[in-house]
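Fold and contact review
Now for the letters of each chain:
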Amino acid sequence: MISVDLTGRRALVTGASSGVGRHVSQVLARFGAHVTLAARRMAALEETASQISKHGGNSEIVHLDVTDDASVSAALPADARPYDIVVNNAGVAHGGAALDIRPDEWARVIDTDLSGVFRVAQTAAKRMVEAGRGGTIVNVASIAGLRVAGGVAAYATAKAGVIQLTRALALEWARHDIRVNSLCPGYIETDLNRDFFASDAGKAMIRRIPQRRLGRFEDLDGPLLLFASDASRFMTGTEIVVDGGHLVSSM
Ligand code: NAI
């Protein structure tokens, strides 16, 4: 009998100030985890925390910039109890033709979306190993890490890197009882892209998704809770695609 109960677990969610990260934090808290909400915008984190507490959940906020080693070390102090669940969600997107990407734009996407995941995962895993405890790390990648589209070279490269990094870390850390898996969402409707998907170009894109709709935050809940809980105890180094069939769309 499988039931998800995260009571007593400590969870860290990066990029918890908006979008997917805010939703993921709320779900983990609803299932009993004590969630540390980490990002750069403290006021937005406060908002996530107050939504969690309104529903009876427990959380705290911490400033974190995943591109800054000192910030990552400060957010995951060596003397604190290690996290049992780490969701590497923080990310930035950049659109534009590969011929036009400036070096600083390329570096920002790779540093945030790929190196940021490594920084947080490595620090969290060190704390787990030092404490002799295992844990589960969930890296939010994207279907862009498994297939390409025009104008997303840096983003797609970073997300493909996250998927391969996930496998490499899973291999090395299984002996420490640390599991590492990727979640690969397709297009999810958010405040930022709602207007685009209401346009003709956006509607045409939706028609190419076999299920003929965008993802909703709640569509991620099942795979998230699977990876975050002991229900996936024999899964590591793998990825789950949540995309309404977009990756298997007709050629
Ligand atoms: P979002 O922009 O609402 O959320 C990204 C979060 O990351 C924000 O809270 C932002 O403040 C934080 N962040 C960015 N740089 C940071 C840094 N240096 N340090 C700490 N936090 C930082 O976007 P969304 O859509 O919620 O994306 C969340 C994750 O889901 C990203 O990794 C994204 O690539 C991934 N994703 C989103 C999809 C979508 O359609 N919305 C589809 C597939 C993947």
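Below: a short report on this structure. Model, not experiment: these values are computed from the prediction. (Residues numbered from 1 in each chain as written. Predicted model: local features only at pLDDT ≥ 70, side-chain atom pairs only at ≥ 80, totals over all residues. Heavy atoms only, no water.)

Here's the deal with the environment of Ser 182
What counts here: For the purposes of this entry, the term helix denotes a DSSP run of H or I that reaches at least four residues, the term strand denotes a run of E that reaches at least two, and both are numbered from the N terminus. Note on exposure labels: buried denotes an accessible area under 20% of the residue type's maximum, exposed denotes more than 50%, and partly exposed covers the range between, all computed with a 1.4 Å probe on protein chains only. Residue contacts follow a heavy-atom distance rule, with two residues in contact if any of their heavy atoms lie within 4.5 Å.
One can find Ser 182 in strand S6 (residues 178-185). Owing to a relative accessible area of 1%, Ser 182 belongs among the buried residues under this scheme. The sequence separation of Ser 182 and Leu 224 amounts to 42 residues, and the corresponding C-alpha distance is 9.6 Å. Residues contacting Ser 182, with those up to four places away along its chain left out, are Asn 139, Ala 141, Val 162, Ile 163, Thr 166, Phe 227, Thr 238, Glu 239 and Ile 240.

Some thoughts on the pattern of salt bridges
Let me state the cut-off plainly: A carboxyl oxygen of Asp or Glu within 4 Å of a side-chain nitrogen of Lys or Arg is what we treat as a salt bridge.
If you walk through the whole model with that rule in mind, you get 13 salt bridges. With a closest N to O distance of 2.9 Å, Asp 104 and Arg 102 form a salt bridge. Note on Asp 104: relative accessible area 45%, which makes it partly exposed. Since its relative accessible area comes to 44%, Arg 102 is described here as partly exposed. A salt bridge links Asp 191 to Arg 194, with the nearest nitrogen and oxygen atoms 2.9 Å apart. A relative accessible area of 65% places Asp 191 in the exposed class. For Arg 194, a relative accessible area of 37% translates into the label partly exposed. Salt bridges here are not isolated pairs; linked through shared partners, they connect Asp 69, Asp 111 and Arg 119.

Quick notes on the site of the ligand
Our working definition: A cutoff of 4 Å decides nearness: a residue is near a molecule or strand if any of its heavy atoms lies inside that distance of it. Distance and chemistry together define a polar contact, namely a pair of N or O atoms within 3.5 Å, with one atom able to donate a hydrogen and the other to accept it when in protein, and with adjacent residues in sequence counting only for side-chain atoms on both sides. Gly is put with the polar residues, along with every residue not named as nonpolar or charged; the nonpolar set is Ala, Val, Leu, Ile, Met, Phe, Trp, Tyr, Cys and Pro, and the charged set is Asp, Glu, Lys and Arg.
Around the ligand, 27 residues are found, and the nearest of them are Ser 17, Ser 18, Val 20, Asn 89 and Tyr 155. The contact in question runs from an oxygen atom of the ligand to an N or O atom on the backbone of Gly 91, over 3.3 Å. The contact in question runs from an oxygen atom of the ligand to an N or O atom on the side chain of Tyr 155, over 2.6 Å. Secondary structure elements with two or more residues in the shell around the ligand: helix H1 (19-30) and helix H5 (153-173). Classifying every residue of the shell around the ligand by side-chain character gives twelve nonpolar, eleven polar and four charged.

Section: the sheet that holds strand S4 (residues 85-88)
Just so we agree on the cut-off: Note on pairing: two strands pair once DSSP finds at least 2 bridges between them. Fitted lines through C-alpha atoms serve as axes, helices being fitted only where they are in contact, and the angles separating the N-to-C directions of these axes extend from 0 to 180 degrees.
An order of S3-S2-S1-S4-S5-S6-S7 is seen for the seven strands of this open sheet, with the pairing classed as parallel. Sheet topology places strand S3 (58-63) and strand S7 (239-242) at the edges, where each strand pairs with a single neighbour. The average angle at which neighbouring strand axes cross in this sheet is 20 degrees, direction not considered. For strand S5 (residues 135-140) and S6, the ladder comprises six bridges, and the chain directions are parallel. Residue pairing in the sheet places Asn 139 in a bridge with Ser 182 of S6. The strands that helix H2 (residues 42-54) touches are strand S2 (34-39) and S3; relative to S3, the one it contacts most, it runs at about 175 degrees. Contacting S4, S5, S6 and S7, helix H8 (residues 221-228) runs over the sheet at an angle of about 170 degrees to S6.

Remarks on the nonpolar core
Keep this limit in mind: Among buried residues, the Ala, Val, Leu, Ile, Met, Phe, Trp, Tyr and Cys ones that are joined through side-chain atoms within 4.5 Å form a nonpolar core.
Core analysis: the biggest nonpolar cluster contains 29 residues, and Leu 28, Val 35 and Val 87 have the highest contact counts within it. Listing elements by their share of this core, those giving two or more residues are strand S1 (10-14), H1, S2, H2, S4, S5, H8 and S7. If we ignore the near neighbours within four places in the chain, the residues touching Val 87 are Leu 12, Val 13, Thr 14, Val 24, Leu 28, Val 138, Val 140 and Leu 224. By size, the runner-up hydrophobic cluster in this structure holds 28 residues, among which are Val 66, Tyr 83, Ala 90 and Trp 173.

A word on the packing of H1 against H8
Selection criterion: Here roughly perpendicular refers to angles of 65 to 115 degrees, roughly parallel to angles under 35, roughly antiparallel to angles over 145, and oblique to all remaining angles. Working rule for handedness: look at the near helix, and if it is turned counterclockwise from the far one by less than a right angle, call the crossing left-handed; if clockwise, right-handed.
The contact between H1 and H8 brings their axes to 11 Å, and the two run at 60 degrees. Regarding the angle of H1 to H8, the classification is oblique. Read as a crossing pair, H1 and H8 show a hand that is right-handed. Every residue of H8 that contacts H1 at His 23, Val 24, Val 27 and Leu 28 is listed here: Asp 221, Leu 224, Leu 225 and Ala 228. A class-by-class count of the residues in the contact of H1 with H8 yields six nonpolar, one polar and one charged.

Here we look at the environment of Glu 218
As for its placement among the helices and strands, Glu 218 is situated in the loop between helix H7 (200-207) and H8. Residue Glu 218 is classed as partly exposed on the basis of its relative accessible area of 47%. A sequence separation of 217 residues divides Glu 218 from Met 1, and the C-alpha atoms of the two residues are 23 Å apart.

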